[in-house]
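# What the coordinates show
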There are 2 protein chains.
Amino acid sequence: MADEEFVVTPYEVRGHIDYDRLREMFGTQELTPELLARIHHLAGGELHPLLTRGIYYSHRDLAATLDGFANGRPFFVYSGRGPSGPLHTSHLLQFDLCQWFQRKFGVRMTIQITDDEKFWSRGGLSREETVRWGLENLYDILAVGFDPKRTQVFFDSRSIAALYPLAIRVARKIPYSTVKAVFGLEPSANIGWIFYTALQTVPAFWPSWAEGHDVPCLIPCGIDQDPHFRMTRDIAEGLGYPKPALLHSKMVPGLLGPDVVMSTTNAADNALFLNDPPTVVEKKIRQAFTGGRTTVEEQRRLGAVPEICSVWAQWRTRFAESDAKFEQVTRDCRSGALLCGDCKGELIERVHRFYAAHAVAREKAKDWAESAIVTAAPKAL
Amino acid sequence: MADEEFVVTPYEVRGHIDYDRLREMFGTQELTPELLARIHHLAGGELHPLLTRGIYYSHRDLAATLDGFANGRPFFVYSGRGPSGPLHTSHLLQFDLCQWFQRKFGVRMTIQITDDEKFWSRGGLSREETVRWGLENLYDILAVGFDPKRTQVFFDSRSIAALYPLAIRVARKIPYSTVKAVFGLEPSANIGWIFYTALQTVPAFWPSWAEGHDVPCLIPCGIDQDPHFRMTRDIAEGLGYPKPALLHSKMVPGLLGPDVVMSTTNAADNALFLNDPPTVVEKKIRQAFTGGRTTVEEQRRLGAVPEICSVWAQWRTRFAESDAKFEQVTRDCRSGALLCGDCKGELIERVHRFYAAHAVAREKAKDWAESAIVTAAPKAL
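Residues numbered from 1 in each chain as written. Chains lettered and ligands numbered in written order. Predicted model: local features only at pLDDT ≥ 70, side-chain atom pairs only at ≥ 80, totals over all residues. Heavy atoms only, no water.

### Description of the overall build of chain A
Counting secondary structure elements, chain A contains 16 helices and nine strands. Taking 381 residues into account, the globule formula puts the C-alpha radius of gyration at 21 Å, and chain A, at 21 Å, falls close to it. For chain A, the spread of C-alpha atoms along the principal axes amounts to about 70 × 50 × 45 Å. Burial analysis of chain A (381 residues in total) assigns 58% to the buried set. (Helix = DSSP H or I, 4+ residues; strand = E, 2+ residues; numbered from the N terminus. Rg over C-alpha atoms; globule rule 2.2 N^0.38 Å. Buried < 20%, exposed > 50% of the residue type's maximum accessible area, 1.4 Å probe, protein only.)

Have a look at this one:
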């Protein structure tokens, strides 16, 4: 989706994004207070911070999915990752929310690792790299706390026998012209990249296909991934499967702020990678773009602007463990009581603690990651 | 490849084909008497009738493949079938030649059954049908006499785990624009069909990939399949595999003759399907187009014209068991000694005998067909 001021597609996100406008352009529905209240109720009186703090803000067909759940028809949650390098903290957000749904709703989780897609869409990556990052990323994802008994993984190159019989049917429904229009691919794009969207669609239908009855699907994803799943939704009925519901998040701003032009040299400084050592984490946060003023005096007097601050975005999306803490940080930032240096110092500590706990969880995840990868098809047709 | 008078692509063959012209347009090499003599020598003093009688007439890099063989580097033979319905006798020809190479040169054979492709390229076929015909066709192909110990089968939907790791690498080398240009696919073509050519390329490189050293490949195929493998040859070096050699046949004329416009109602009468009962075989041959004259008197006087005769094409490609027999039929046809009715009667008997023997061989092939299907990849990358 391109506009004069911003571009959002699965392969490019650029400019200052007007999220309400984007929602209107994409034709998605607003995640209303009523819907949030409904989730709160079904989750036993709780809401995930990513829902209360406005990171997830848009959806397609969520109400019907919740209605079904309330009437005894559990959905499953599906999300994925294209492995091109180490994950950063913001990559984990959609999985945090998925894990919360799994825990609170007792539902199944499907994770897709698209090592084929990244090889096709990124000229510079080798197969060895996409496979290695696929495994590394998978360990990080499982470490957010998924339940081994209710989690399955499609690692494309290794799960192809499980995916392909259904992918054959899906691919016949998608003309090249649609892929070209939706993703803006050039005629020079390779035929793997063109085919790939069929494989990203398959997991949404897979349980329904495997079990022979409708299993509703909920996909939390960045709003930039909406085009993939719009196509999935378009072909669902023709294949006899339920349309997946979508829950869209805004993109989390990078640490360098909105006005820095990204390049290969500064890209690594724009996010906290999960394999960054503590000194690097500290350095990146210390140099992160904030909504602070030019002088301490001015900041004490006027307060800072959290909405444009990359450090505040980190508190908001992950590191404020409670809504009370998040409100306190926001209030003190706005009032001038909290200076950027102190705020960063406190965040650094939290991030260090998170990394330490994550490392432990990650080692445990390695024990069962292999057994979660689906390698066989449930049936031939 | 389109010309004013004829069209030859993997998805369309139409018009009166000028084979020498086609060879020039495709840029392939002539199968010369010198090359035939070389095959004759390497095969221990024998040539297959399809080689002596001019059905195979063109090639790419065959000389180098024979040189390699003579120097102790055996090639393997690769051919395949897109299963959309029953095979007819002419479908078996390329496999007859493959089997002859396997037997005379002691080499391995790879057979690909493309049940995915036919589902993607033929709108009216169901998955159930392409899979069912895939198996039926496979039994017929194996029944020509392949050696179970030296024959492997890629049945696409069931062998995808074995094919996909290499297909990922192959697909990145093929831009959409090339597929569009080579096959003339429309933007409305589905993305499976577009991707498919990657899978048809994989078996040509598979032994080299699996074994980690160059294994030369020889592909006997109809000249209409040349575009697929031209693309295979184009990308071979970039992937580090040897270019497959090709051996091209002319298309065998249908029973109804060159001037009948094919339709869904008469298509079945144009060929001898392997599942035709004897009465149908007899009926089809009795009504087949010949090079005969309008009256017996005229034919006795002028002789008939074998070159345009569909019955003669049957003798030529399969049913004349020796070159002596073939020459006798041709001579007697041309001289007027042999009338079309008698010629057809004799052919009918031969075809009946062939069908009876084929049915026995087919039952035996069923015993080992399953075990020949490759289902696992030899390595991950």
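Anyway, onward from the coordinates.
### Observations regarding the relation of the copies chain B and chain A
The transformation that overlays chain B on chain A combines an axial shift of 0.0 Å with a rotation of 180°, and the residual RMSD is 0.0 Å. The superposition of one copy onto the other is thereby described by a two-fold rotation axis. Considering only C-alpha atoms, the part of chain B nearest the rotation axis is B:A161, at 2.6 Å. Most of the interface of chain B is mirrored in chain A: 100% of its interface residues are interface residues there too. (Least-squares fit on C-alpha atoms with pLDDT ≥ 70 in both. Contact = heavy atoms within 4.5 Å.)

### What to know about a negative patch on the surface
On the surface, A:E5, A:D18, A:D20, A:E24, A:E30 and A:E34 cluster together into a patch of negative charge. Tracing the backbone shows A:D20 in helix α1 (residues 19-26). (Patch = residues over 30% accessible without salt bridge, like charges linked within 9 Å, V, L, I, M, F, W, Y side chains within 5 Å. Areas by Shrake-Rupley, 256 points an atom, 1.4 Å probe, with all protein chains shown as cover. Salt bridge = Lys/Arg side-chain N within 4 Å of Asp/Glu carboxyl O. Lys, Arg positive; Asp, Glu negative; His and termini not counted. Charge placed at Lys NZ, Arg CZ, Asp CG, Glu CD.)

### Here's the deal with the packing of aromatic side chains
Within this structure, the stated rule accounts for 36 aromatic pairs over all chains. Considering the side-chain rings of A:W120 and B:F195, the 6.0 Å spacing of their centres and the 70° angle between planes classify their relative orientation as edge-to-face. In this pair, A:W120 is assigned in helix α6 (residues 115-121) and B:F195 in helix α10 (residues 191-211), connecting two distinct chains. The same class applies to A:W120 as to B:F195, namely buried. Between A:F354 and A:Y355, the aromatic rings sit 6.0 Å apart at their centres with planes inclined by 75°, giving edge-to-face as the arrangement. (Phe/Tyr/Trp six-rings, centres within 6.5 Å; stacked < 30°, edge-to-face > 60°.)

### Looking at the sheet that holds strand β3 (residues 29-30) of chain A
All names here are of chain A. Across the sheet, seven strands lie side by side as β3-β4-β9-β8-β5-β6-β7; this open sheet has mixed pairing. The two strands at the open ends of the sheet, each matched to only one other strand, are β3 and β7 (151-155). Pairing geometry for strand β8 (residues 217-222) and strand β9 (residues 245-249), over five bridges, is parallel. The partner of I219 across the bridge, within β9, is L246. (Pairing = 2+ DSSP bridges.)

### Remarks on the interface of chain B and chain A
The interface is formed by 36 residues belonging to chain B together with 36 residues belonging to chain A. The junction of chain B with chain A conceals about 3,200 Å² of combined surface from both sides, 70% of it contributed by carbon and sulfur atoms. The largest share of the area that chain B buries against chain A comes from B:Y164, B:R172 and B:I191, three residues that together contribute 26% of it. The interface formed by chain B and chain A holds two salt bridges in total. For the salt bridge of B:R169 with A:E128, the shortest nitrogen-to-oxygen distance reads 3.4 Å. (Buried area = accessible area lost by both parts, 1.4 Å probe.)

### A look at the packing of helix α10 (residues 191-211) of chain A against α10(B)
Look at α10(A) against α10(B): their axes get within 9 Å of each other, and the N-to-C directions meet at 135°. On the basis of their axis angle, the class for α10(A) and α10(B) is oblique. In the packing of α10(A) onto α10(B), the handedness of the crossing is left-handed. Residues A:I191, A:G192, A:I194, A:F195, A:T197 and A:A198 of α10(A) pack against B:I191, B:G192, B:I194, B:F195, B:T197 and B:A198 of α10(B). In terms of residue class, the contact of α10(A) with α10(B) is made up of eight nonpolar, four polar and no charged. (Axes fitted to C-alpha atoms, helices over the stretch in contact; angles between N-to-C directions. Parallel < 35°, antiparallel > 145°, perpendicular 65-115°, else oblique. Left-handed = near helix turned anticlockwise from the far one by under 90°. Nonpolar A, V, L, I, M, F, W, Y, C, P; charged D, E, K, R; others polar.)

### Let's talk about helix α8 (residues 156-172) of chain A
For α8(A), which comprises 17 residues, the first-to-last C-alpha distance of 19 Å sits more than 12% below the rise-based estimate of 24 Å (1.5 Å per residue). With respect to burial, α8(A) is a largely interior element, 13 of its 17 residues being buried. (Expected span 1.5 Å × (residues − 1).)

### Some words on the side chain of A:R362
Within the element layout of this structure, A:R362 appears in helix α16 (residues 340-372). A residue is classified by how much of its surface remains accessible, and A:R362, at 14% relative accessible area, is buried.

### Focus on the packing of α10(B) against helix α11 (residues 226-239) of chain B
Residues and elements named next belong to chain B. For the pair α10 and α11, the least separation of the axes is 10 Å and the interaxial angle reads 60°. You can see that α10 and α11 cross each other, and the crossing is right-handed. From α10, Y196, T197, Q200, T201, A204 and F205 reach across to α11, where they touch H228, F229, M231, T232, I235, A236 and L239.

### As for the confidence of the model for chain A
Scored by pLDDT, chain A comes out at a mean of 94, with 98% of its residues at no less than 70. For this predicted complex, the interface confidence comes out at an ipTM of 0.93, alongside a pTM of 0.93. (pLDDT = per-residue confidence, 0-100.)

### Regarding the side chain of B:Q314
Within the secondary structure, B:Q314 is located in helix α14 (residues 310-319). B:Q314 has contacts with B:T89, B:S90, B:L255, B:L272, B:F319 and B:L347, leaving out every residue within four places of it along the chain.

### Some details on the pattern of salt bridges
Residue and element names in this part refer to chain A. All told, the structure shown has 48 salt bridges over all chains when counted by the stated rule. R233 is the partner of D61 in a salt bridge, and the nearest nitrogen-oxygen pair spans 3.1 Å. Of this pair, D61 sits in the loop between β4 (56-60) and α4 (62-70) while R233 sits in helix α11 (residues 226-239), and the two are 172 residues apart along the sequence. Among the residues examined, R233 registers a relative accessible area of 10% and is labelled buried. Overlapping salt bridges, with partners in common, bring together E321, K325, E346 and R350 in one network.

### Considerations on the sheet that holds strand β8 (residues 217-222) of chain B
All names here are of chain B. The sheet built from seven strands is open, its strands ordered β3-β4-β9-β8-β5-β6-β7 with mixed pairing. Each of the sheet's edge strands pairs with one partner strand only, and the pair in question is β3 (29-30) and β7 (151-155). Bridge count for β3 against strand β4 (residues 56-60) is two bridges, and the pairing is antiparallel. Bridge assignment links Q29 to a residue of β4, and that residue is H59.

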